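# Structure assessment
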Amino acid sequence: MTRITRGFHGRRRPDVDPARVPPGQYVTQDFPVLSAGPTPHGSLDTWSFTIRGQVDQPHTWTFDEFQALPRETVTRDIHCVTKWSKLDTVWTGVSLDTLLDGVETSAEYVTAFSDGGYTTNLPLEDLTGGRAWIAFSYDDEPLHPEHGGPARLLVPHLYFWKSAKWVRGLELQPEDEPGFWEGYGYHNYGDPWREQRYAGD
Amino acid sequence: MLELIEQTARTKSIVFDVPGWGRHRAGQHVDVRLTAEDGYQAQRSYSIASAPEDRHIELTVERIDDGEVSPYLADELLAGDEIELRGPIGGYFAWEEAPGMPVFLVGGGSGIVPLRAMLRHHRATDSAVPVRLLYSARSLDDVIYRDELTAADAGDVRLTLTRRQPAGWTGYGRRVDRELVAEVCWPAPERPLVYVCGPTGFVEAVAGALVSLGHEAARIRTERFGPTGGETP
Ligand SMILES: Cc1cc2nc3c(=O)[nH]c(=O)nc-3n(C[C@H](O)[C@H](O)[C@H](O)COP(=O)(O)OP(=O)(O)OC[C@H]3O[C@@H](n4cnc5c(N)ncnc54)[C@H](O)[C@@H]3O)c2cc1C
């Protein structure tokens, strides 16, 4: 049941197409930062990206190898569970379709893992079909560490905590295992259009 | 809503009676949802300023002049009004009484709010865990919960005023940088559990300083509110 809040009128933005804003979200020009701990500042010399777990054999790329893969530049809207959305953000990275090409697996779930110990879980299916990238550039600049650089997962169709910052790899899993925020009561799947913010939504 | 308490020129505490509220953990937040007559809704998160032991739920809101929600909460809401709160939410930026390492709280501006809940919880449980707060504000007039934090029984509270210090000020008068963190925090080998909350730039600087002083990243918990750049509180 929804109650009217006495005296509240709100500030709708005339310049924003409401069809692009999921329920309960507001559009910001800013790019807020949310992280549970300090920002890691790792060296690119030791950076690598790994796909492991339930796979025929683990696949690892160094930063240089990774940069040599075919890249895509995409423009997407992003939605953070703390209510802000940012429209038309421009990212460059490697599609997960490219990275998963040639990986043999029967896994249905993925745990993305990051420097600093952060993890998040997703169905493998959500990372395929041109819907997910490992992004290393934002707005034509190298991705800033505060925003997850050198590279972050980008899964714009889910709330942005699923787009793990400082990502270092994917663990392919036979079972779905809650990641960091999912273990603290956030929704397991996190579809902004169904407003799946917290467990039970 | 029961009561509005003016904390600073820009900040008010709002006390709610919430029927059926379960117990929260100090440091958690709620989602506030406001609904206009035509059904339009706006939601924002606010930390719970009260301890789990307190009778009522208190939020403390800093008015952002061009903001959508905070001016409503700070200036429009009247005693007797009802609004929708959802929570408690979050669980990582939360502290519960447990015997163990010292706890170091670092707050900038309105980032004091969840830390104040932790301090009150610490006091309400007669905790023997050493706790210390370092709180950065622009001036004494900008210190939220000033009476409570400067009271004789406030515990180990250190204030730093970054812009203006009153005559005879004996607290710190500079930004929270590496040197100040080194001076006030327990050394890394004592493995304090650290909670840092404030605008993004403040949290980045303090958390970075802690890491450079050898504190384990896993023992530093952060909550960032406010815009990307954010002025130094
Ligand atoms: C987990 C969490 C806990 C929070 N707890 C508190 C709390 O206890 N007390 C509290 O006052 N706020 C808290 N916040 C911030 C709060 O959710 C809102 O973002 C804030 O009140 C601004 O909302 P608004 O609708 O008034 O402004 P908006 O309409 O969202 O923003 C208007 C403009 O102000 C800028 N802006 C937003 N926030 C700030 C800021 N803090 N300082 C300066 N400029 C800003 C925006 O970038 C934008 O340009 C918390 C946020 C999070 C994520």
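About the cut-offs
- Residues numbered from 1 in each chain as written.
- Chains lettered and ligands numbered in written order.
- Predicted model: local features only at pLDDT ≥ 70, side-chain atom pairs only at ≥ 80, totals over all residues.
- Heavy atoms only, no water.
- Helix = DSSP H or I, 4+ residues; strand = E, 2+ residues; numbered from the N terminus.
- Rg over C-alpha atoms; globule rule 2.2 N^0.38 Å.
- Buried < 20%, exposed > 50% of the residue type's maximum accessible area, 1.4 Å probe, protein only.
- Contact = heavy atoms within 4.5 Å.
- Lys, Arg positive; Asp, Glu negative; His and termini not counted.
- Charge placed at Lys NZ, Arg CZ, Asp CG, Glu CD.
- Core = buried A, V, L, I, M, F, W, Y, C linked by side-chain atoms within 4.5 Å.
- Domains from an automatic or database assignment.
- Buried area = accessible area lost by both parts, 1.4 Å probe.
- Salt bridge = Lys/Arg side-chain N within 4 Å of Asp/Glu carboxyl O.
- Polar contact = N/O pair within 3.5 Å; in protein donor to acceptor, adjacent residues only side chain to side chain.
- Nonpolar A, V, L, I, M, F, W, Y, C, P; charged D, E, K, R; others polar.
- Pairing = 2+ DSSP bridges.
- Axes fitted to C-alpha atoms, helices over the stretch in contact; angles between N-to-C directions.
- Phe/Tyr/Trp six-rings, centres within 6.5 Å; stacked < 30°, edge-to-face > 60°.
- Lys NZ or Arg CZ within 6 Å of the ring centre and 35° of its normal.

Along chain A, the regular secondary structure elements total two helices and 11 strands. In terms of overall dimensions, chain A is globule-like: its C-alpha atoms have a radius of gyration of 17 Å, near the 17 Å expected for 201 residues. Viewed in the frame of its principal axes, chain A has a C-alpha envelope of about 60 × 35 × 30 Å. Burial status across chain A gives 54% buried among its 201 residues.

Turning our eyes to something else, we now look at the overall build of chain B. Along the backbone of chain B there are five helices and 11 strands. Over its C-alpha atoms chain B spans a radius of gyration of 17 Å, differing by no more than 12% from the 17 Å that the globule rule assigns to 233 residues. Summarising its shape, the C-alpha atoms of chain B cover approximately 55 × 40 × 35 Å along the three principal directions. With 233 residues in all, chain B has 54% of them scored as buried. Sequence separation of 24 or more characterises 71% of the internal contacts of chain B that already satisfy a separation of 6 or more. Averaging the positions of the 25 positive and the 35 negative side-chain charges in chain B gives two centres separated by 6 Å.

What follows covers the nonpolar core. Considering soluble globular proteins, one finds that nonpolar side chains tend to be buried as a cluster. Ranked by internal contacts, the top residues of the largest apolar core, which has 41 residues, are F49, F66, L99 and L153 of chain A. Look past the residues within four positions of L153 of chain A in its chain and what remains in contact with it is L96, A112, L122, L127, W133, I134, K162, S163, A164 and V167 of chain A. Counting residues in each nonpolar core, the second largest holds 28 residues, with W95, A117, L119 and V129 of chain B among its members.

Residue and element names in this part refer to chain B. As far as domains go, chain B holds domain 1 (3-89) and domain 2 (103-225). The C-alpha-based centres of domain 1 and domain 2 are spaced at 23 Å. Across the contact, 20 residues belong to domain 1 and 18 residues belong to domain 2. Roughly 1400 Å² of surface becomes buried between domain 1 and domain 2 when both sides are summed, with 53% attributable to carbon and sulfur atoms. Applying the counting rule to domain 1 against domain 2 returns two salt bridges. E58 is paired through a salt bridge with R116; the nearest N and O atoms lie 3.2 Å apart. Summed over the shared surface of domain 1 and domain 2, the result is seven residue pairs in polar contact (both at pLDDT 80 or more). Those elements giving two or more residues to the side of domain 1 that touches domain 2 turn out to be β1 (3-8), β2 (11-16) and β5 (57-62). Ranked by residues supplied to the side of domain 1 that touches domain 2, first place goes to β5 with three residues. Here the residues of the side of domain 1 that touches domain 2 are counted per class, giving five nonpolar, nine polar and six charged.

Moving on, we come to unusual backbone geometry. Residue and element names in this part refer to chain A. P150 follows G149 through a cis peptide bond whose omega is 10 degrees. With respect to the secondary-structure elements, P150 resides in the loop between β9 (141-142) and β10 (152-154). One non-glycine residue with positive phi stands out, namely K83, at about 100 degrees. For K83, the location among the structural elements is in the loop between β4 (72-79) and β5 (84-95). One non-glycine residue, E195, adopts positive backbone phi at about 45 degrees. Structurally, E195 can be placed in the segment after β11 (167-173). Accessibility expressed as a relative area gives 19% for E195, which makes it buried.

In a beta sheet, neighbouring strands are held together by backbone hydrogen bonds and run either parallel or antiparallel to one another. Residues and elements named next belong to chain A. Across the sheet, five strands lie side by side as β3-β2-β11-β6-β7; this open sheet has mixed pairing. Of all the strands in the sheet, just β3 (59-62) and β7 (119-123) have a single pairing partner and so form its edges. Looking at each pair of strands side by side, their axes are set apart by 15 degrees on average, direction ignored.

For the rest of this paragraph, the subject is the pairing of β1 of chain B. When β1 of chain B meets β2 of chain B, the two strands line up antiparallel, connected through five bridges. Bridge pairing links I5 of chain B to S13 of chain B in β2 of chain B.

This part is about the interface of chain B and chain A. Listed per partner, the contact involves 41 residues of chain B and 34 residues of chain A. There are five salt bridges connecting chain B and chain A. Note that D31 of chain B and K83 of chain A form a salt bridge whose closest N and O atoms lie 3.0 Å from each other. Between the two partners, chain B and chain A, sit 20 residue pairs in polar contact (both at pLDDT 80 or more). Contributions of two or more residues to the side of chain B that touches chain A are made by β3 (29-35), β4 (41-47), α1 (70-76), β6 (84-89), α5 (200-212) and β11 (220-224) of chain B.

Residues and elements named next belong to chain A. The topology assignment puts T120 in strand β7. For T120, a relative accessible area of 0% translates into the label buried. A polar side-chain atom of T120 sits 2.7 Å from a polar atom in the side chain of E182.

Applying the stated criterion to the full structure yields 23 aromatic pairs over all chains. Between W47 of chain A and F63 of chain A, the ring centres sit 5.2 Å apart and the planes meet at 90 degrees, which makes this aromatic pair edge-to-face. With W47 of chain A in the loop between β1 (26-27) and β2 (48-53) and F63 of chain A in helix α1 (residues 63-67), this pair connects stretches of sequence that are 16 residues apart. As far as burial versus exposure is concerned, W47 of chain A and F63 of chain A are alike and both buried. Ring geometry for W161 of chain A against Y186 of chain A: centres 5.6 Å apart, planes inclined by 65 degrees, an arrangement best described as edge-to-face. Of this pair, W161 of chain A sits in the loop between β10 and β11 while Y186 of chain A sits in the segment after β11; the two residues are 25 residues apart in sequence, bridging distant segments of the chain. Residue classification places W161 of chain A among the buried residues on the basis of a relative accessible area of 8%. Look at Y186 of chain A and you get buried, because its relative accessible area is 8%. Joined through ring pairs, the aromatic side chains of Y118, Y159, W161, F180, W181, Y184, Y186 and Y198 of chain A together with Y92 of chain B make up one cluster. One cation-aromatic arrangement involves R44 of chain B over Y26 of chain A; the distance from NZ or CZ to the ring centre is 3.5 Å. The lysine or arginine in question, R221 of chain B, covers the ring of Y92 of chain B, its NZ or CZ lying 4.4 Å from the ring centre.

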